[in-house]
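Single-letter residue listing:
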Amino acid sequence: MPLSLLKYLTTYLFLFIAFNSGAQYSKVHYLPPTYNQNSSIQFSTITVTTLVDDPFDVSITNASGTYSNILSGLSKANPITITLPKGDNDGIFKGSEGKTNIVLNSEGFILNADEHFFTSQIHAVSNQAAVIAPKGSAGLGTEFYSGHMYSQGGNKGVRAHFISVIASEDNTTVTFDNQTINWEGQPKTFSAFLNRGESYVVAAPFDYIDALTVSDKFNAFNGTHVTSDKPIAVNSGSFLASYSNSGQQDAGVDQIVPVDQLNNEFILVKGQSTNDLIETAMVIASEDNTEVYVNGSSTSAYTLNKGEYAFITGNNYENSTMHIKTSNPAMVYQNLAGSNSYATLGMVFVPGLMEDASRSVLISGANSIGSISIYIVAKKGEAVTINDVEIESMAIENSGNSEWVSYRIVPADINSLYCNSGNSCANKDADADFLIESTGPINAAISMVSGVVGAAGYFSGFASVNTDVGVADFGTLEYTLPCIQDTVTLFAKGAHSYSWDSPSDNMNLITEINDSTYLFNYDQSGDEGPFTYKVIMESTSVSL
């Protein structure tokens, strides 16, 4: 007869509070370069912000050593923005410079500090701009799927898709694979060998794509599989592109996160356009047989295999929000517009809904592109503030998850309610900072617009500490984790049931989500630990 065998594993988790570990809030950031097909480069900036009160320094270097800089005195009260020198050390290059398909050692950057900080990068060209939000430690991984702006041919001489990668360790092999279409100058599968800080860029200019005979050729680059044998950071997007067949286009680029950081539930907040082909979303599957559900429907709208994409038009927005849920973890890219024009688009990589997402983010330096709108996804009932003023606008419900709400705040409201001083902090060229905080998790994004110039970026929402423990052997496993200053998720999987305890007598600091998942709440602790938790995992197997 069948015999149930019970297997137990006790796992201890030793938690030492280091500071906030919410993804984009990191001690190190990797910035791959940006490919620009044929636009005149105006300026490139790097901005760093922090929630730390005491000043500290941030170093910026490239692999070749031809650029280095120390940003001195960064603190919560003193964000820093620098303008990079034009040329080989500005993090962006034109297609005519011949820098694709070769190893680059001067165009990418590594930012390091002894404390945690946010960073963002802005590239402005004639009539267009892009904001890139590096993901810090959460952006490093070994498997990714690219996303690009959904496009038609249009103004082919200035449009292109691209992927750029940067290595975090020496002797890294990066492989690109797309069995549908070829990146310019490459076979369908190819590899590059990189040392730490070195970068590699592949591109597909639209005049090159136009000569191809592949079906859906301007969008077949979506879902390109990027893998590596050591952690890398990846930027993915288009510079420039749009679904307009006219001369209207913009840049849409973001740093993405690896497959092991993906989620399966998302809320998108609509930008400032009413055009259903401007405000769009794209879902790219990381696993076969991925079902995509929109706005709480119980009927799947799409079934995708890994690397396949679903293009979701703006008519799916309800009350300016769109809820997307997938049966497997997926990548979601959103076109977020600053106005009702294809020329003011930005493409952002959307974070999923996570209980351990950031509680606060400090945004600075974005007004150089244009007037700012703010978009926030937060837990229902949790207080949300901008520059210490609680948001007055009514929370926007969505059709898929009643526990989360959204806020959509336009420049006029920001100017009248949330400026630290004066009443023009949302305007172009204002020297303004935006501290967005909540008593619960938040995803925060901005869009910027000035005439035909627009851009967008997410500045919080990705969590970087995952405790993923599966039943393997009898005994005790020990993990020492740098924890988020407000919350970190502790979860175990691979067993039939789980029993949690705290040898350090700190069970009051964790909240049960289910029997395998708890949230550790630093804000309740009052000290820096260590805190010790034990999980006993019971696995049931059947044999004769």
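The shown structure was predicted, so the numbers you read here are calculated from the model rather than taken from an experiment. (Residues numbered from 1 in each chain as written. Predicted model: local features only at pLDDT ≥ 70, side-chain atom pairs only at ≥ 80, totals over all residues. Heavy atoms only, no water.)

1. Examining the overall build of the chain
The following threshold applies: Each helix corresponds to a stretch of at least 4 residues labelled H or I by DSSP, and each strand to a stretch of at least 2 residues labelled E; elements are numbered beginning at the N terminus. For every residue, the accessible area obtained with a 1.4 Å probe (protein chains only) is divided by the maximum for its type, and the residue is called buried under 20%, exposed over 50%, and partly exposed between those limits. Should any heavy atoms of two residues lie within 4.5 Å, those residues are counted as being in contact.
When helices and strands are counted, the chain shows two helices and 40 strands. In the chain, which comprises 544 residues, the proportion classed as buried is 59%. Nonlocal contacts in the chain, meaning residues at least 24 apart in sequence, comprise 77% of its contacts between residues at least 6 apart.

2. Quick look at the sheet that holds strand β33 (residues 453-458)
Using the following cut-off: DSSP bridges decide pairing: two strands pair if at least two such bridges lie between them. Throughout, an axis means a line fitted to C-alpha atoms (over the contacting stretch in the case of helices), and angles, computed between N-to-C directions, take values from 0 to 180 degrees.
Strand order across the open sheet formed by four strands is β30-β27-β32-β33, with antiparallel pairing between neighbours. The strands lining the two open edges of the sheet, one partner per strand, are β30 (404-409) and β33. For this sheet, the mean inter-axis angle between neighbouring strands, taken without regard to orientation, is 10°.

3. Some words on the sheet that holds strand β29 (residues 389-390)
Taking strand neighbours across the sheet as the criterion, the four strands line up as β26-β31-β28-β29 in an open arrangement whose pairing is antiparallel. On the outer flanks of this sheet lie β26 (360-364) and β29, each paired with one strand and no other. Pairing between strand β28 (residues 384-386) and β29: two bridges, direction antiparallel. Residue pairing across strands places Thr385 opposite Glu390, the latter belonging to β29.

4. Description of the state of the cysteines
This is how it is decided: Two cysteine sulfurs form what is called a disulfide whenever their separation falls within 2.5 Å.
Summed over the entire model, instances satisfying the criterion amount to one disulfide. Across the disulfide, Cys419 is cross-linked to Cys425 (sulfur-sulfur distance 2.2 Å). Here the S-S torsion is close to -85°, and the disulfide linking Cys419 with Cys425 is therefore left-handed. Here Cys419 matches Cys425 in class, with each residue buried.

5. Description of unusual backbone geometry
A cis geometry characterises the amide bond from Phe239 onward to Leu240, with omega recorded as 15°. Among the structural elements, Leu240 can be located in strand β17 (residues 225-241). Phi is positive for Asn319, which is not a glycine, with a value near 55°. Mapping Asn319 onto the fold places it in the loop between β23 (309-312) and β24 (321-337).

6. Focus on the pattern of salt bridges
What counts is decided by this rule: The working definition used for a salt bridge is a side-chain nitrogen of Lys or Arg within 4 Å of a carboxyl oxygen of Asp or Glu.
This structure, assessed with the given rule, holds six salt bridges. The salt bridge partner of Lys99 is Asp88, with a shortest N-O separation of 2.8 Å. Taken together, the residues span a long stretch of sequence, with Lys99 in the loop between β8 (92-94) and β9 (103-104) and Asp88 in the loop between β7 (80-83) and β8 at a distance of eleven residues. With a relative accessible area of 12%, Lys99 lands in the buried category. The partly exposed category is assigned to Asp88, whose relative accessible area is 45%. The closest approach of N and O atoms between Lys99 and Glu97, which form a salt bridge, is 3.4 Å. Several salt bridges converge on common partners, so that one network encompasses Asp88, Glu97, Lys99 and Glu107.

7. Digging into the packing of aromatic side chains
Quick note on the threshold: Geometry of aromatic contacts follows a simple scheme: Phe, Tyr and Trp rings, the Trp one being its six-membered ring, pair when their centres are within 6.5 Å, and the pair is stacked under 30 degrees between planes, edge-to-face over 60, tilted otherwise.
Under the definition given, this model contains 13 aromatic pairs. Summarising the aromatic geometry, the rings of Tyr150 and Tyr243 are spaced 5.3 Å apart at their centres and angled 25° between planes, so their arrangement reads as stacked. Pair noted here: Tyr150 is in the loop between β12 (141-145) and β13 (160-167) and Tyr243 is in the loop between β17 and β18 (250-255), with a separation of 93 residues, a long-range link. For Tyr150, a relative accessible area of 16% translates into the label buried. Arranged with centres 6.0 Å apart and planes meeting at 35°, the rings of Phe176 and Tyr200 form a pair that is tilted. Of this pair, Phe176 sits in strand β14 (residues 172-177) while Tyr200 sits in strand β16 (residues 199-205), and the two are 24 residues apart along the sequence. A relative accessible area of 0% means that Phe176 is categorised as buried. Its relative accessible area of 6% is what places Tyr200 among the buried residues. Ring-pair connections join several aromatic residues into one group, and the members of that group are Tyr150, Tyr243, Tyr309 and Phe311.

8. Quick notes on the environment of Val269
With respect to the helices, strands and loops of the structure, Val269 is situated in strand β19 (residues 263-269). Residues Val269 and Tyr407, spaced 138 residues apart in sequence, show a C-alpha to C-alpha distance of 7.9 Å. Setting aside chain neighbours within four positions, we find Val269 in contact with Tyr317, Ser320, Gln334, Leu336, Tyr375, Ile376, Val377, Ser406, Tyr407 and Arg408.

9. Quick word on the side chain of Ser168
Formally: Any pair of nitrogen or oxygen atoms within 3.5 Å is treated as a polar contact; in protein, a donor-acceptor pairing is required on top of that, and neighbouring residues in sequence qualify only through side-chain atoms on both sides.
With respect to the helices and strands, Ser168 occurs in the loop between β13 and β14. According to the relative accessible area criterion, Ser168 is buried, its value standing at 10%. In this structure the side chain of Ser168 is engaged in a polar contact, spanning 2.7 Å, whose partner is the backbone oxygen of Pro231. If we skip the residues at most four places from it in the chain, Ser168 touches Tyr30, Leu140, Arg196 and Pro231.

10. Quick look at the environment of Ala204
Along the chain, the position of Ala204 falls in strand β16. A residue is classified by how much of its surface remains accessible, and Ala204, at 0% relative accessible area, is buried. Here Ala204 is in contact with Ala160, His161, Trp183, Ile209 and Phe221, once residues within four sequence places are set aside.

11. Overview of the nonpolar core
What counts, and what does not: Throughout, nonpolar core names a set of buried Ala, Val, Leu, Ile, Met, Phe, Trp, Tyr and Cys residues whose side chains join them through atoms within 4.5 Å.
Formed by 55 residues in total, the largest nonpolar core has its most connected members in Val58, Leu111, Ile374, Ile376, Ile386, Phe434 and Ile436. It is strand β10 (residues 109-125) that provides the largest number of residues to this core, a total of seven residues. Setting aside its immediate chain neighbours within four residues, Ile374 contacts Ile386, Tyr407, Arg408, Ile409, Ile414, Phe434, Ile436, Ala445 and Ile446. Listed in part, the 42 residues of the second largest apolar core include Ala167, Ile209, Phe221 and Ile284.

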